[in-house]
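Analysis of the macromolecular model
The chain contents come next:
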Amino acid sequence: MNDLQDFLRLSYAELEDLNLQAKEQRKNRVPPDQIQEERIKYLTDEKRIKAVTVLFSDLEGRLHMLDYDKKFLVKSYDNLTFDGSSIRGFTAQRESDLRLHMDWSSFYWAPADVFGAGKVLVFGEVIDKDGTPYSADIRGVLKGYAQQLFDSKGYTLNAANEIEGFLFNGADAEHRYHETGKFEYVSTGGYYHSLPGDPLRLFIDTTAEVQRAMGFQNEKDHPEVAPSQFEINYSYADVVTAADQIQLYKLICRQVATKMGLTASFLPKPVVGVNGSGMHTNVSISKNGKNLFWDPNGEEKTSKFGWQFVDRILTHGNDICLLLNASVNAYRRLDPHFEAPNQIKASAVDRGSMIRIPIGNERSSRVEVRSVGPDANPYLVMLSVFKTGLEGDIAKIKNLRGAERYLPDNIYDAMANFRSAEWITKLLGEDVKGRYADLKQAAADRCPRLLGTIVKAPEVQFHHAVYNQYLWNQF
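Residues numbered from 1 in each chain as written. Predicted model: local features only at pLDDT ≥ 70, side-chain atom pairs only at ≥ 80, totals over all residues. Heavy atoms only, no water.

A look at the environment of lysine 220
Topologically, lysine 220 is positioned in strand S7 (residues 218–223). Between the alpha carbons of lysine 220 and isoleucine 232 there is a distance of 6.2 Å; along the sequence they are 12 residues apart. (Helix = DSSP H or I, 4+ residues; strand = E, 2+ residues; numbered from the N terminus.)

Topic: the confidence of the model for the protein
Scored by pLDDT, the protein has a mean of 88; 88% of the residues are at 70 or more. Here residues 450–475 scores under 50 on pLDDT; set against residues more than four positions off or in separate chains, the count is 70 contacts. (pLDDT = per-residue confidence, 0-100. Contact = heavy atoms within 4.5 Å.)

Quick word on the environment of lysine 23
Take lysine 23: it is sitting in helix H1 (residues 12–27). In this structure the side chain of lysine 23 is engaged in a polar contact, spanning 3.3 Å, whose partner is the side chain of glutamine 245. (Polar contact = N/O pair within 3.5 Å; in protein donor to acceptor, adjacent residues only side chain to side chain.)

Section: empty space enclosed by the protein
To find leftover empty space, one rolls a probe the size of a water molecule over the atoms. Inspection of every chain in the model, using the stated rule, returns one cavity of 30 Å³ or more. For the largest cavity, the calculated volume is near 60 Å³. For the lining of the largest cavity, the residue count by class is nine nonpolar, two polar and two charged. (1 Å grid on protein atoms, 1.4 Å probe; cavity = no way out; pocket = protein on both sides within 12 Å on 5 of 7 lines; lining within 4 Å. Points joined across faces, edges and corners; volume = space filled by probe spheres on them. Nonpolar A, V, L, I, M, F, W, Y, C, P; charged D, E, K, R; others polar.)

Description of the nonpolar core
Within the largest apolar cluster, 100 residues are counted, with the highest numbers of intra-cluster contacts made by Leu157, Met214 and Phe230. For this core, the element with the highest residue contribution is helix H8 (residues 239–259), accounting for 12 residues. (Core = buried A, V, L, I, M, F, W, Y, C linked by side-chain atoms within 4.5 Å. Buried < 20%, exposed > 50% of the residue type's maximum accessible area, 1.4 Å probe, protein only.)

Looking at the pattern of salt bridges
Side-chain pairs of opposite charge can arise where the charged atoms are in close proximity. Applying the stated criterion across every chain, the model contains 22 salt bridges. With a shortest N-O distance of 3.1 Å, lysine 440 and glutamate 60 are connected by a salt bridge. Linking lysine 440 in helix H15 (residues 430–445) with glutamate 60 in the loop between strand S1 (51–57) and strand S2 (63–69), this pair joins segments that are 380 residues apart in sequence. Per residue, the accessibility class of lysine 440 equals that of glutamate 60, and both read buried. Where aspartate 103 meets arginine 139, a salt bridge forms, and the shortest distance between an N and an O atom there is 2.9 Å. Linking aspartate 103 in strand S4 (residues 97–109) with arginine 139 in helix H5 (residues 138–153), this pair joins segments that are 36 residues apart in sequence. Residue classification places aspartate 103 among the buried positions, given a relative accessible area of 4%. Overall, the relative accessible area of 3% leaves arginine 139 in the buried class. Each of Asp103, Glu125, Arg139, Lys143 and Asp244 takes part in a single network of salt bridges with overlapping partners. (Salt bridge = Lys/Arg side-chain N within 4 Å of Asp/Glu carboxyl O.)

Here's the deal with the packing of H5 against H8
One can describe the packing of H5 onto H8 by two numbers: an axis separation of 9 Å at closest approach and a directional angle of 155°. Here H5 lies roughly antiparallel to H8, going by the angle between them. On the side of H5, the interface is formed by Arg139, Leu142, Lys143 and Ala146, while H8 contributes Val239, Val240, Ala243 and Asp244. Of the residues assigned to the contact of H5 with H8, the class counts are five nonpolar, no polar and three charged. (Axes fitted to C-alpha atoms, helices over the stretch in contact; angles between N-to-C directions. Parallel < 35°, antiparallel > 145°, perpendicular 65-115°, else oblique.)

Some points on the pairing of S4
The buried fraction of S4 amounts to 10 of the 13 residues, a majority that puts the element mostly inside the structure. Bridging between S4 and strand S5 (residues 119–127) involves seven bridges; their strand directions are antiparallel. Counted as the bridge partner of leucine 100 is valine 126 from S5. (Pairing = 2+ DSSP bridges.)

Observations regarding helix H7 (residues 199–213)
Each turn of an α-helix holds 3.6 residues, which means side chains three or four residues apart point in the same direction. The terminal C-alpha atoms of H7 lie 21 Å apart, and with 15 residues this matches the ideal 21 Å at 1.5 Å per residue to within 8%. Those residues of H7 that fall on the buried side of the exposure criterion are Leu200, Arg201, Phe203, Ile204, Thr207, Ala208, Val210, Gln211 and Ala213. Its side-chain oxygen 3.1 Å from the backbone nitrogen of leucine 200, aspartate 198 forms the N-cap of H7. Glycine 215 sits one or two positions beyond H7 and adopts a positive phi of about 80°. (Expected span 1.5 Å × (residues − 1).)

A short note on the environment of glutamine 229
Here glutamine 229 shows up in strand S8 (residues 229–234). Taking relative accessible area as the criterion, glutamine 229 reaches 1% and is therefore assigned buried. As for glutamine 229 and glutamate 164, which are separated by 65 residues in sequence, their C-alpha atoms are 6.9 Å apart. At 3.1 Å, the side chain of glutamine 229 forms a polar contact with the side chain of serine 277.

Remarks on the packing of aromatic side chains
Per the counting criterion, the structure on display carries 18 aromatic pairs. With centroids separated by 4.7 Å and ring planes inclined at 65°, the aromatic side chains of phenylalanine 107 and tryptophan 109 adopt a geometry described as edge-to-face. Members of the aromatic cluster, each reached through a chain of ring pairs, are Phe203, Phe216, Phe230, Tyr234, Tyr249 and Phe266. (Phe/Tyr/Trp six-rings, centres within 6.5 Å; stacked < 30°, edge-to-face > 60°.)

Comments concerning the packing of H5 against helix H12 (residues 378–391)
Their axes nearest at 9 Å, the elements H5 and H12 cross at an angle of 35°. In the packing of H5 onto H12, the handedness of the crossing is left-handed. Seen from H5, the contacting residues are Ile138, Arg139, Val141, Leu142, Tyr145 and Leu149; seen from H12, they are Tyr379, Leu380, Met382, Leu383, Phe386, Lys387, Leu390 and Glu391. By residue class, the composition of the contact of H5 with H12 is 11 nonpolar, no polar and three charged. (Left-handed = near helix turned anticlockwise from the far one by under 90°.)

Here it is as structure tokens:
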């Protein structure tokens, strides 16, 4: 920034204070019109803000961002239109106009050194031509579902995600894979092992600082099992905030990596022969401040309500697998040789189980859904897990929680299960179900059906489907 520019640049401590205040407003369910009034006044009064970045996600979870001039947005925030036919999974060309509605409660102050000076971020909701929430905007669907449960039953849906990724050499390593034929690790230290000052540790430290500034409330961060693999954990939040934070987490990681001349990859299985990346999804439900999954006298200290939640997800495990594992590449991760959670069962200790019941207490008691890929649409993941756990069927299978059943090992079987499942029609509606299945079919057909597993050691080689899949399933 040159001396003539006077754009907003706040310290990380100031950013954290502002973002935590906004998070507290969401937690306390401050009325939307009150928050809208505060935000518009802030934008009007703060002369150093030049633009507002509005974020929304398509049906596959790909993040889209539009920068609006601040003065224009303040005047026109209730009439922001865009061409929906350009967004995969949205409208057909003949009926392309959609509208963006500001979710003023999901407002973020971002570090100027990462996102640019003079900008703030806000998530948008997609509105159809008739003024109703757009059915393929799953964030809006999830927000409506969570509000409906709070209004009717007093439930608050909580979630926290453990999102793994890889850090590779080169600022454009994924897009250039067809040229290089390989990914290069920046570190080979392994689980919890990375010396201070090495590129992986610097990346993790920098990313953690940005997340902290944006109100993530960090808990721990560390290198993961595979070389150059990382995980940066943060606290739970209400379900919509949690899903938004997944999108921001990946965006922050990509931004920080690019500035370092590196690539943060969230492909579930970019490298053959080592552990893939998952997005373990921890969920709980509270009412009047009480954790409904906790029972000190229950099996694994989990309540009957919590176990019924688990049983419904296990019953529909194959139905929702395509929502949790959304790409061809995701099924390379579901390999039992690498701690893959491909068994449709629940366990407190077996990490090959689809669902794990972690050790917890009255505050932290939760259910961990492990069979989720980091490139899945986080809003679809949250919607499918919570709605299935609360409203799905419970199969009359002997020993349902320990039955010898497995998730599909390829996307074609997952698509067949998805298309034939009556539960998915109830979950998403026929139209959105069909759109999503067609998108997955098109992506799968662009990749080889037989992925192969033969590699040449010690030079780990990679299948060319990884590159193709990245292009079409980047987020």
